[in-house]
Structures are given as C-alpha cells and as structure tokens.
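# Coordinate analysis (summary)
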Amino acid sequence: MVFDAPRIVVEPPGPRAREIIEKDHQLIMQSFSRWYPLVVEEAEGALVKDVDGNIYIDLNSGLAVVNSGHRNKEVVEAIKKQVDKLIHYSLTDFYYEEAVKGAEKLLSISPVSDGKVFYTNSGAESIEGVLKIARGHFQNRRPYVIAFLGAFHGRTYGAMSLTASKPVQRKGFSPLVPGVIHVPYPYPYRCPFKSETPEECGEAVIGFLEEWIFGKMVDPTEVSLIIAEPIQGEGGYIVPPDNFFPKLRKLADEHGILLASDEVQAGFARTGKWFGIMNWGVEPDLIATAKAIANGLPLGAVIGKREVMDLPRGSHANTFGGNPVALAAMSAVIDFMKKNNIPDRVARLGEEVKKYFNDLASEAELIGDVRGKGFMIGVELVKDKDTKEPAKKELAEILTRSFKRGVLVIAAGLSTIRIAPPLTIEEELLWKALDILGSVIKEVSRES
C-alpha cells in the first residue's frame, strides 16, 4: 500500500461501499452501530484502504486490536507457518506445545507473579472467566462482586452484568447475573464526589466503598472480587488519579477480596506498559486480556495467581480457546514488541500527542480535557468549559469530517475522541493524521 496517505479518490462512501452497506443492512442483524460508512478492503501498518480505493490513516487500530500494525509481517509469517502444521485440536481436551510456550511468554510480561493462564476466544469470555474463577475460588461463600460505573466489560451475560457504560447495553436483558454492586469510578474531570484535586476524588471513591458499601450494604467478607479497567475504555478513556489503584489494592487486601484488572483494551503496550495496571505498580490477582493479544485473531486469556486459578477439573473449559494458530500470532506479537521496545516508544510518543492536544485546547474552545497514557488518549469535547456540557453533536461532526478527509478516529464516553493508533504507526503518518484531526476540531469549534 502506498505511503502517500491519506488519499481520497472518491468521496466516501463510494459506489462500491454503498452497495455493500445496503446488503449488510439486509443480511446482518443490526444490533450494533457503526461510526461512519467505512467499508474496508485491505490494511497494512497504520493504513486502511476501502473498497473504492480511498486510503486512510488509522487512529483506532480496529478498536485497539492491531497494536502491532495491520498485517504485521512477523505475525503473518508465524500464522502461515502454524497453519501448515496444526490448525485445531481442542486444548481443553488434549495437549499441544504451542499452548505451553505461549503461556510462558504471556507470563513473562505479566505483572502477576507465580501465575497460570486460561485461554479464551474474546474479551467478554475472559471477563466471564474472571468472574467464574473468583466465585469458584471461594466456593460461592463470597457471592458479591464490585464493579464501577462507566465500566465496559463486554456484552455476554456475566460481562454485561459488570458493564455500566451505556443503558442501551443492558436495556431489555434483565434479569442479569445477581450480586453485582456498581460504585462510582474516580473520573477527575467529572468527579462524582465534591473534590478539589484528582487525589481527593480517588480518596472519595475509596471512602464511599468503605463507609457506604461495606459499612451499610454488604459485609466485605461476602465480596469475592473487585474488577476495574486501569483506564476506562468505552467510558471515555478515563485515567484515575495516581492514588486510586494502590489504595484499592490495600482495601482489597484488608478484606481478603480478589482484585482483577480488565486489560482487554489497555493491555499489550497500549498505555506504554505491557499492562495498564503496571502504570501504578499494582499487582492484581487476576487479569482479563484479549483484543491486541493476537493482533487480529480471536484470542483472549485470563492470567491469575497460581493459588487463585484453582477451579476443579471439569468445571470450566471451551473448545476453541488457545487455538494454535492464534497462539502462534500471540507469540509473534510478544517477540515483536520485545525486540522493538514498543512499550517505551508508545510512552514517549503518547506524551507528545497529549502535549499537541493540550496546546490545541488554547485555540479550540471545544476541548475540555486531555488525558491518557501511551496511545490510549482521550480528548473530551464540551460546549462550555465552565458547565462541561458534553458536545455530542460536534463530536459526531468531527468524526465524520475526519473520515471524509482520510483519518479514522472514533469516540468514547459522553463526548470524547479516542486516540488509539497502531503502536507501530510511523511518526510521519501520526502527525499527518493529528494535523488533519486538529484542523477539523478547530473548524468545528469556530462554527459552534
């Protein structure tokens, strides 16, 4: 694919794209929404080509999945080699070496000491595994689970019961899995409690858990698990204050509660660390991961402390988890990221990107807050910086105009642009895309 990008040869969606979209609406259940009418034909690195020949710069990585770049050559080669040898033979019924080698590599980058791995097929399935492992570990003596408002953990029943990101994701599906208690997440820009600083916001959430949930609602000895995203993804790329996770770990330890980190979006170097929770030096008991783990192939994993990963034989299994082709891709991803020192690159460039948007905020009245770590950056748009009213219509216009000018970027939360390019994106392409996005933000700001 040419490096001369972005390149728009026909206004999207072009005729071929419109034809496919019409068939899609006829043949596929429309239970999900698309951000704009992009119909992808091929992709490479940080570039995406649609079916009408337009070439875009990708700032969303196929939803934070292709962290190592579209069609990463080393990953593709590993997949091809494995396909010629073994495609499937149900790991939870038999054995193969690829699973063991993959687990060794996965544990080598994990913050969980003395851990074990259980392979899954997706992020939601990893979350289901975490929930089941936590309750099973305590043999159902601790039926309650703490999750956070604004969290997105998936759409299957257990995962959906933990999710509290948008009402539409739960509406009409009750009764959900019982025993889940949601509490506010420390969202410094919109703290649910009165606070002057991010740290006060973090303290307030911990205090709410101790005084109101444990003090008035449920005895902590009946709570098996606290689960949180290290940076909330669908909730708006919300970065908690630095005191939050250390205090949450301490609170969990005081009551013998397991702490799980949902790394489905924040994992695999997305935040400049192998896993997002590592930004705060906290060791969780359980990790759920997926998305970027195999750079586009369906694979997920639960990583947990050895003493916690103790479900009895026959109690948990699947057919496709740990598929050997997906494991070959994961192994190649880890090798590639280690060899090219991807976490450090992402941490450095992420700081430069945040500075770019913070500087842009002086020219663009719509920018209310800039936050993030690595290439997990949120730019929250507001109609008024004093009232912080979300700029939802303006956000939609910015995404659409950027798409038509050759930049693929999506949103999260109330009205937040999420910047999540492939971690391998060439710096020239990164700054080209940001210049286009920045000009669109300024343009819409002037019109608002």
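Residues numbered from 1 in each chain as written. Predicted model: local features only at pLDDT ≥ 70, side-chain atom pairs only at ≥ 80, totals over all residues. Heavy atoms only, no water.

## Here's the deal with the overall build of the protein chain
What counts, and what does not: Numbered from the N terminus, helices here are DSSP runs of H or I no shorter than four residues, and strands are runs of E no shorter than two. Radius of gyration: over C-alpha atoms. The globule rule applied is 2.2 Å multiplied by the number of residues raised to the 0.38 power. The contact criterion used is simple: two residues touch if any of their non-hydrogen atoms lie within 4.5 Å. Each accessible area is a Shrake-Rupley estimate made with a 1.4 Å probe; only the visible protein chains count as cover when residues are assessed. Under the convention used here, Asp and Glu are negative, Lys and Arg are positive, and both His and the chain ends fall outside the count. The location of each charge is read from NZ of Lys, CZ of Arg, CG of Asp or CD of Glu.
Within the protein chain, the regular secondary structure consists of twelve helices and 15 strands. Relative to the compact-globule value of 22 Å for 448 residues, the protein chain shows a C-alpha radius of gyration of 22 Å, a close match. For the protein chain, the spread of C-alpha atoms along the three principal axes comes to 60 × 60 × 45 Å. Considering only residue pairs separated by 6 or more positions, the protein chain has 75% of its internal contacts joining residues 24 or more positions apart. For the protein chain, the accessible area works out to roughly 19300 Å², and carbon and sulfur atoms hold 53% of it. Charged side chains of the protein chain number 54 positive and 60 negative; the gap between the two group centres comes to 2 Å.

## Some details on the sheet that holds strand S14 (residues 410–412)
So the rule is basically this: Pairing between strands requires that DSSP locate at least two bridges from one strand to the other. With axes taken as lines fitted to C-alpha atoms, and helix axes fitted only over the stretch in contact, angles between N-to-C directions fall between 0 and 180 degrees.
Spatial ordering of the open sheet is given by S11-S12-S15-S14, a layout of four strands whose pairing is antiparallel. Unpaired on one side and paired on the other, strand S11 (367–373) and S14 mark the two borders of the sheet. Strand-to-strand twist across the sheet, computed as the mean angle between neighbouring axes with direction ignored, equals 30°. In this structure, strand S12 (residues 376–381) lies alongside strand S15 (residues 416–419), joined through four bridges in antiparallel fashion. The partner of Glu380 across the bridge, within S15, is Thr416. Helix H10 (residues 342–360) rests against S11, S12 and S15 of the sheet, and its axis sits at about 175° to S11.

## Some points on the sheet that holds strand S8 (residues 258–262)
The strand order across the open sheet formed by seven strands is S4-S10-S9-S8-S7-S5-S6, and the pairing between neighbours is mixed. Of all strands in the sheet, those bounded by a partner on one side alone are strand S4 (115–120) and strand S6 (180–183). Along the sheet, successive strands turn relative to each other by an average axial angle of 20°, direction set aside. Pairing geometry for S4 and strand S10 (residues 300–305), over six bridges, is antiparallel. Note on S10: the bridge partner recorded for Phe118 is Val302. Relative to the sheet, helix H4 (residues 97–109) contacts S4 and S10, its axis offset from that of S4 by approximately 120°. In the packing of helix H5 (residues 123–137) onto the sheet, the strands contacted are S4, strand S5 (144–148), strand S7 (223–228), S8, strand S9 (286–289) and S10, and the crossing angle to S9 comes to about 160°.

## A look at the nonpolar core
Note the cut-off: What we call a nonpolar core is a set of buried Ala, Val, Leu, Ile, Met, Phe, Trp, Tyr and Cys residues that are connected through their side-chain atoms within 4.5 Å. Per-residue accessibility, obtained with a 1.4 Å probe over protein chains only, is compared with the maximum for each type, and a residue is labelled buried under 20%, exposed over 50%, and partly exposed between these values.
With 80 residues, the main nonpolar core has Phe268, Phe357 and Ile417 as its most contacted residues. Among the elements that make up this core, the one with the highest residue count is helix H9 (residues 324–339) (ten residues). The contacts of Ile417, once residues within four sequence positions are left out, are Ile377, Gly378, Val379, Leu381, Leu395, Ile398, Val409, Ile410, Ala411, Leu437 and Ile441. Ranked by size, the runner-up nonpolar core spans 34 residues in total, among them Phe244, Phe245, Leu248 and Trp280.

## Here's the deal with the pairing of S8
Our working rule: A clockwise course of the path from the first strand over the helix to the second, judged with the strands pointing away from the viewer, identifies a crossover as right-handed.
Of all five residues that make up S8, five are buried, and the element is covered over most of its length. Burial along S8 is two-sided: the residues Leu258, Ala260 and Asp262 and Leu259 and Ser261 are all buried. Sheet topology places S7 next to S8; four bridges connect them, and they run parallel. From the neighbouring strand, Leu225 faces S8, where its bridge partner is Leu258. Assessed by its sense of winding, the connection that carries the chain from S7 through helix H8 (residues 244–255) to S8 is right-handed. Pairing between S8 and S9: three bridges, direction parallel. Paired with Asp262 across the two strands is Ala288, which belongs to S9.

## Things to note about the packing of aromatic side chains
The following threshold applies: Stacked, tilted and edge-to-face pairs are distinguished by plane angle, under 30 degrees for stacked and over 60 for edge-to-face with tilted covering the rest, among Phe, Tyr and Trp rings (Trp via its six-membered ring) whose centres lie within 6.5 Å.
On inspection of all chains with the given rule, the structure shows twelve aromatic pairs. Relative to Phe244, the ring of Phe148 lies with its centre 5.8 Å away and its plane at 80°, an arrangement referred to as edge-to-face. Linking Phe148 in strand S5 with Phe244 in helix H8, this pair joins segments that are 96 residues apart in sequence. Residue Phe148 is classed as buried on the basis of its relative accessible area of 1%.

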